[in-house]
Amino acid sequence: MLKPTSPFGADLRKRRKQLGLSQEKLARLIGITGHSYSRWESGKLGCRHKRPILLFLEVLAQRQAAGVMVDGVAPVEL
């Protein structure tokens, strides 16, 4: 049985999918490895910087809403 995702991990997954980014691409934008990001999403690794990460994701969403490409990904309907 899969371990339930943490509330932070669930929020990360939801926002990442809304942005249309893979775990690897978002990890690269944040400046961490894809493996670490995957562990954040799954709740297997804690994150000491939750608030800045969530704020960063909000900025990415705002940029997409304004029609700005994020790491080569065209804006999506949020």
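Here the structure is a predicted model, which is why all the values come from computation and not from measurement.

What counts as what
- Residues numbered from 1 in each chain as written.
- Predicted model: local features only at pLDDT ≥ 70, side-chain atom pairs only at ≥ 80, totals over all residues.
- Heavy atoms only, no water.
- Helix = DSSP H or I, 4+ residues; strand = E, 2+ residues; numbered from the N terminus.
- Buried < 20%, exposed > 50% of the residue type's maximum accessible area, 1.4 Å probe, protein only.
- Areas by Shrake-Rupley, 256 points an atom, 1.4 Å probe, with all protein chains shown as cover.
- Expected span 1.5 Å × (residues − 1).
- Contact = heavy atoms within 4.5 Å.
- Phe/Tyr/Trp six-rings, centres within 6.5 Å; stacked < 30°, edge-to-face > 60°.

K.L.:
Quick question: what am I supposed to make of the overall build of the protein here?
P.N.:
Within the protein, the regular secondary structure consists of four helices and zero strands. Scanning the protein from its N terminus toward the C terminus, one meets helices and strands in the order α-α-α-α. Expressed as a percentage of its 78 residues, the buried residues of the protein come to 27%. A total accessible area of about 5100 Å² is found for the protein, and carbon and sulfur atoms account for 56% of it.

K.L.:
Just checking my understanding: could you explain helix α1 (residues 7–19) for this structure?
P.N.:
Given 3.6 residues per helical turn, the α-helix brings residues three or four places apart onto the same face. Taking 1.5 Å of rise per residue, the 13 residues of α1 would be expected to cover 18 Å, and the 18 Å separating its terminal C-alpha atoms lies within 8% of that figure. Turning to α1, the residues buried within the fold contact α2 (23–30), α3 (34–42) and α4 (50–65). Taken from the residues just after α1, Gly 20 is the one with a positive phi, measuring 75°.

K.L.:
Could you clarify how one ought to interpret the packing of aromatic side chains in this entry?
P.N.:
Any pair of aromatic rings gets described here by the distance separating the centres and the angle formed by the planes. In this structure the tally under the stated criterion is two aromatic pairs. Ring centres 6.4 Å apart and planes at 55° place the aromatic pair Tyr 37 and Trp 40 in the tilted group. With a gap of three residues between them, Tyr 37 and Trp 40 both fall in helix α3, about one helical turn apart. An identical accessibility class is assigned to Tyr 37 and Trp 40; each is buried. Through pairs of rings, three or more aromatic residues link up here, namely Phe 8, Tyr 37 and Trp 40.

K.L.:
Can you help me understand the environment of Ile 30 in this one?
P.N.:
Here Ile 30 lies in helix α2. Note: C-alpha distance between Ile 30 and Leu 57 (27 residues apart in sequence) is 9.2 Å. Ignoring anything within four residues of it in the chain, the contact list for Ile 30 reads Tyr 37, Trp 40, Ile 53 and Phe 56.

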